[in-house]
Amino acid sequence: MELIVQQGDLTQAACDVLVVNLFEGVTHPGGATGAVDRALGGWITDLIAQEQFKGKLNATLDVPTFGKLPAKRVVVVGLGKAEAFGEEQIRQAAATAVKRAKALQAETMVTLLHGAGIAGLPPAACAQAVAEGTVLGAYEFDKYKSAPKDEPKRVLGTAMIVEHSAEKIAVIEEGVTRGRIVADAANMVRDLANEPPDVVTPDYLARTARQLAEDGGLQCDVWDEGRIVEERMNCLAMVGRGSAHPPRFIHLDYMPAGTPARRICLVGKGISYDSGGLSLKPAEHMRHMKTDMSGAAAVLGVMQAIAQLKPHVAVTGLIPTCENMVGGAAYKVDDILRARNGKTIEVDNTDAEGRLILADALSYAAEQQYDAVIDIATLTGGCVIALARVWTGVMGTDQELIDAIIAAGAQTGEKMWMLPFDDEVRSMLDSDIADIKNSGGREGSSIQGGMFLKEFAGEQPWAHLDIAGTSYLDKARAYEPKGATGVPMRTLVAYLLQQAAQ
Ligand code: BES
Ligand code: MN
Ligand code: ZN
């Protein structure tokens, strides 16, 4: 889908679907919606008076134009209450509109810039939000669905933002470019997690990283199994040993021009499939474990976006990736593994594998001098129980870093909630024969997971994002489809841009 900005008059736009908007409770639309309504002889006002449309957020009203406008159809999208309106509502309204246009088989769509009218938000921010909502909302993972034979497939080829005032066009274009970069990267993250596990293997992630590096001018280095063992990443090697697809350790580096303001490291859990290993998952829990590499995918997405946005901050992406399987060589419950930082780990449960591969990656990150290390992982089922598929769990050793991530999440609409660390919970991981064990049972398992990782994160500011719930939805939202969401890629990009601006 092409996304373009044009200066002009909405009532003159020739297209299949023309999108305007309405705040909740407004009975006589003004601005661009008012102009379209007048051209239609007041039909929108009539339908509002008949209470067919109240402007509730993400509600839509379809009005055929019967030749009164060059557009074939007008779609009015509800913006909700004016008091509660902001960038998140713009993203949602834009996504609702594009989904409606697709459902109506539109090939061309023209929209006004939500928020820039009476809401009076900065046009660049509105433009970014409209672009994000449109591109995120249009996403569908349908490549494995055969097309119906007799129906001609119509695709929405063009979405156009039309703005009347010529002096706003340049800033709107900048915002749209930024939104497009971020949303395209989020859709790439979604694709990686939605693809079946026999496609997205550790080596596939490595090849994706290499391609990203080539396209975006990043540094990329991939370690194979031999190198992983040589580098004393025994946990990664051991978790991957039951699989026919060997593990990989991926490094990506983005360096801005000049001396960077800060150096930030992102670490993504890349379990390409989590069967549970010998502590095998029951069938219903194994479902969707192809998405256990969502943290890794998010890191790849951030690197793709950052390579294009070029903020003044150095970013390293580290991805330990392997498949957690059963087999003659599989690692066992009762095994003792020595992580890269020298600590020994008793395996209590082979299904607590994410923290093991992250132990090696965090130990490695701790050897470098970063201003912040952030790991992203589908770590615990307990996080889905505690925070639903609504909040990402945030833990860590540095309150300032945690606060900055939570604030970035509030900006992007990706909700984050902090979980506490506690010595008594840590003691649940005490082992009789090793330095630590990888699981102390189900109680407080998300906090246990976070406190396990803390043993390997070293002294630098570190935060852990548990995205087990938020990376995957079984019910679509406005701009998040059923399936992989891309969370928390956009939040990390917002955080990095904010760090670069300091
Ligand atoms: N990948 C899972 C966590 C998960 C569960 C992600 C549901 C997404 C949805 C992780 O490797 C796991 O199996 N965790 C176990 C840990 C337990 C054995 C301590 C869990 O949470 O049950
Ligand atoms: Mn597991
Ligand atoms: Zn897992």
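Up top is the structure these notes are about.
Residues numbered from 1 in each chain as written. Chains lettered and ligands numbered in written order. Predicted model: local features only at pLDDT ≥ 70, side-chain atom pairs only at ≥ 80, totals over all residues. Heavy atoms only, no water.

Peer 1: Explanation requested: the site of ligand 1 in the structure shown.
Peer 2: As a matter of local geometry, ligand 1 sits amid 15 residues, with Lys281, Asp292, Asp351, Glu353 and Gly381 nearest to it. Lys269 places a polar side-chain atom, nitrogen or oxygen, 3.2 Å from an oxygen atom of ligand 1. At 2.8 Å, a side-chain N or O of Lys281 approaches an oxygen atom of ligand 1. Relative to its unbound accessible surface of 520 Å², ligand 1 loses 82% to contact with the protein. Taken together, the residues of the shell around ligand 1 sort by class into three nonpolar, five polar and seven charged. (Near = heavy atom within 4 Å. Polar contact = N/O pair within 3.5 Å; in protein donor to acceptor, adjacent residues only side chain to side chain. Areas by Shrake-Rupley, 256 points an atom, 1.4 Å probe, with all protein chains shown as cover. Nonpolar A, V, L, I, M, F, W, Y, C, P; charged D, E, K, R; others polar.)

Peer 1: Is there a simple way to think about the coordination of the manganese ion (ligand 2) in this case?
Peer 2: Geometry sets the ideal angles at a metal, namely 109.5 degrees for four tetrahedral donors and 90 or 180 degrees for six octahedral donors. Protein-derived ligands of the manganese ion (ligand 2) are Asp274 (OD), Asp351 (O), Asp351 (OD) and Glu353 (OE), with the metal-ligand distances lying across 2.1 to 2.2 Å. Classification of the site at the manganese ion (ligand 2) rests on its six donor atoms, whose angles at the metal span 70 to 169°, yielding the label irregular. Coordination of the manganese ion (ligand 2) draws on donor residues from a single chain, spaced D-x76-D-x1-E in sequence. Metal-to-metal, the separation of the manganese ion (ligand 2) and the zinc ion (ligand 3) is 3.2 Å; Asp274 coordinates the two. (Donors = N, O, S within 2.8 Å, 3.2 Å for Na, K, Ca; no water. Tetrahedral: all angles 85-135°; square planar, octahedral: opposite > 155°, others 65-115°.)

Peer 1: In this structure, what is going on with the packing of aromatic side chains? I would like to understand it.
Peer 2: How two aromatic rings sit relative to each other is set out by the distance from centre to centre and by the angle between their planes. Counting across every chain of the model gives nine aromatic pairs. On the numbers, 5.2 Å between centres and 40° between planes, the contact of Phe452 with Phe456 is tilted. Judged on exposure class, the residue Phe452 and its partner Phe456 are both buried. Lys415 extends its terminal NZ or CZ atom over the ring of Trp391, reaching a point 5.5 Å from the ring centre. (Phe/Tyr/Trp six-rings, centres within 6.5 Å; stacked < 30°, edge-to-face > 60°. Buried < 20%, exposed > 50% of the residue type's maximum accessible area, 1.4 Å probe, protein only. Lys NZ or Arg CZ within 6 Å of the ring centre and 35° of its normal.)

Peer 1: Please explain helix 16 (residues 489-501) as it appears in this structure.
Peer 2: Given 3.6 residues per turn, any residue in an α-helix points the same way as the ones three and four places further on. Relative to the 18 Å expected for 13 residues at 1.5 Å per residue, helix 16 spans 19 Å between its end C-alpha atoms, a close match to the ideal helical length. Among the 13 residues that make up helix 16, ten are buried, leaving the element largely enclosed by the rest of the structure. (Helix = DSSP H or I, 4+ residues; strand = E, 2+ residues; numbered from the N terminus. Expected span 1.5 Å × (residues − 1).)

Peer 1: Teacher, can you tell me more about the sheet that holds strand 1 (residues 2-7) here?
Peer 2: Within a beta sheet, neighbouring strands are joined by backbone hydrogen bonds and run either parallel or antiparallel to one another. Read from one edge of the open sheet, six strands run 1-6-5-2-4-3, paired in mixed fashion. With one partner strand each, in any of the chains shown, strand 1 and strand 3 (60-64) form the two edges of the open sheet. Geometrically, the sheet is characterised by an average inter-axis angle of 25° between neighbouring strands, direction not taken into account. In terms of strand pairing, strand 3 meets strand 4 (residues 73-80) through five bridges, oriented antiparallel. Note on strand 4: the bridge partner recorded for Asp62 is Val75. Lying on the sheet, helix 4 (residues 123-137) is in contact with strand 1, strand 5 (108-111) and strand 6 (158-163); it crosses strand 1 at an angle near 145°. The sheet strands contacting helix 5 (residues 169-194) are strand 1 and strand 6, and the helix crosses strand 1 at an angle near 170°. (Pairing = 2+ DSSP bridges. Axes fitted to C-alpha atoms, helices over the stretch in contact; angles between N-to-C directions. Contact = heavy atoms within 4.5 Å.)

Peer 1: When you look at the coordination of the zinc ion (ligand 3) in this model, what are you seeing that I'm missing?
Peer 2: Donor atoms from the polypeptide that bind the zinc ion (ligand 3) are Lys269 (NZ), Asp274 (OD), Asp292 (OD) and Glu353 (OE), placed at 2.0 to 2.4 Å. Each of the six donor atoms bound to the zinc ion (ligand 3) contributes to angles spanning 78 to 175°, and the resulting shape is octahedral. Considered as a linear motif, the donors of the zinc ion (ligand 3) on their single chain read K-x4-D-x17-D-x60-E.

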